[in-house]
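Chain and residue survey
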Amino acid sequence: MSNNLPNLVFIISGPSGVGKSTLIHRVMSQDPRLAFSISHTTRPPRPGEKDGRDYYFVTRDTFEKLISEDAFLEWAEVYGEYYGTSKREIDRLSSLGKDVILDIDVQGARQVMERLDRNRWTSIFILPPDLKALEQRLIARGKDPKDRIARRLKIAEQEIAQAERYDYRIVNDVLERATRDLKNIIERERTKHFHIDR
Ligand code: ADP
Ligand code: 5GP
């Protein structure tokens, strides 16, 4: 008899600048069983971002070729750029025995919820305390040009309206508390899905 934990997929969404990457980094640094799914994108890298660590940065031609080859578990056009999760990335992380974190938008999240077995995924939406705080965070991050920030804020309200579809919602006001909430959700879901092979 051996204890067996199935690979779980944690879908994390929320408007740009709400703190998803920050929360994910904090939780992952304390939990070696978690792995981040590196997405493909056509967006240009921000200062400090690295190909193959933050994203696989590709051209529109390459991305469209991958779509035609059915290489994506999900993909979407977000803020005028393509973003997608490759099937190969999920297989790679699952074969390492990791639970997988997806930082994806609401359109992509819906596709994953439809395509993966219900027992495999948990969805979590990160909310800002309010829209003003969101704008301040996007400006404070200082890594997007002004027009990109404006576009992201315009879409934020539509994204927030989707929060009800998620299993859990976390308000990222105080970072410490929000990190703890995310950690607790992950632990709770592991306990729920724990089973014993005979
Ligand atoms: P996202 O990945 O959702 O686009 P980031 O993690 O890049 O967002 O965070 C955007 C900015 O907000 C960063 O400068 C980050 O340091 C800051 N931030 C994250 N969480 C908080 C918080 N709870 N309070 C204040 N600032 C925060
Ligand atoms: P950013 O450009 O700020 O890194 O990400 C912009 C938006 O794209 C965020 O909402 C993020 O969750 C989303 N995103 C990142 N990777 C993917 C992906 O692989 N698929 C989808 N559908 N959205 C993604």
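Our structure is the block above this text.
Quick summary incoming for the structure in this document. (Residues numbered from 1 in each chain as written. Chains lettered and ligands numbered in written order. Predicted model: local features only at pLDDT ≥ 70, side-chain atom pairs only at ≥ 80, totals over all residues. Heavy atoms only, no water.)

Moving on to the overall build of the protein. Tallying secondary structure elements over the protein gives 7 helices and 11 strands in all. A compact globule built from 198 residues should have a C-alpha radius of gyration of about 16 Å, and the protein, at 17 Å, falls within 12% of that. Counting only C-alpha atoms, the protein reaches 60 × 40 × 30 Å along its principal axes. For the protein, buried positions account for 49% of its 198 residues. Taking all contacts inside the protein whose residues are at least 6 apart in sequence as the whole, residues at least 24 apart take part in 69%. About 10600 Å² of surface is accessible on the protein, with carbon and sulfur atoms providing 50% of the total. Charge-centre separation for the protein: the mean point of 35 positive side chains lies 3 Å from the mean point of 32 negative side chains. (Helix = DSSP H or I, 4+ residues; strand = E, 2+ residues; numbered from the N terminus. Rg over C-alpha atoms; globule rule 2.2 N^0.38 Å. Buried < 20%, exposed > 50% of the residue type's maximum accessible area, 1.4 Å probe, protein only. Contact = heavy atoms within 4.5 Å. Areas by Shrake-Rupley, 256 points an atom, 1.4 Å probe, with all protein chains shown as cover. Lys, Arg positive; Asp, Glu negative; His and termini not counted. Charge placed at Lys NZ, Arg CZ, Asp CG, Glu CD.)

This next bit is on the pattern of salt bridges. Charged atoms that come close allow side chains of opposite charge to pair. Under the definition given, this model contains 19 salt bridges. For Arg26, the salt bridge identified is with Glu176, shortest N-O distance 2.9 Å. Of this pair, Arg26 sits in helix α1 (residues 20-29) while Glu176 sits in helix α7 (residues 175-193), and the two are 150 residues apart along the sequence. For Arg26, a relative accessible area of 26% puts it in the partly exposed group. Ionic contacts of the salt-bridge type, sharing partners, join the residues Arg43, Arg46, Glu49, Arg141 and Asp144 into one network. (Salt bridge = Lys/Arg side-chain N within 4 Å of Asp/Glu carboxyl O.)

With that out of the way, let us pick up the site of ligand 1. Among the 13 residues in the neighbourhood of ligand 1, the closest are listed as Gly17, Lys20, Ser21, Thr22 and Arg141. Between Ser21 and ligand 1, the recorded distance is 2.7 Å, taken from a side-chain N or O atom to an oxygen atom. For ligand 1, a nitrogen atom lies 2.9 Å from a polar atom in the side chain of Asn172. Surface burial for ligand 1 is 75%, taken as the share of its 570 Å² of free accessible area covered by protein chains. Broken down by element, the residue count for the shell around ligand 1 peaks at 3 residues, all from α1. (Near = heavy atom within 4 Å. Polar contact = N/O pair within 3.5 Å; in protein donor to acceptor, adjacent residues only side chain to side chain.)

Structurally, Ser86 can be placed in strand β7 (residues 81-86). Of note is the side chain of Ser86, whose polar atom sits 3.1 Å from the backbone nitrogen of Glu89. In this view, Ser86 contacts His40, Ala71, Phe72 and Leu73; residues no more than four positions away in its chain are not counted.

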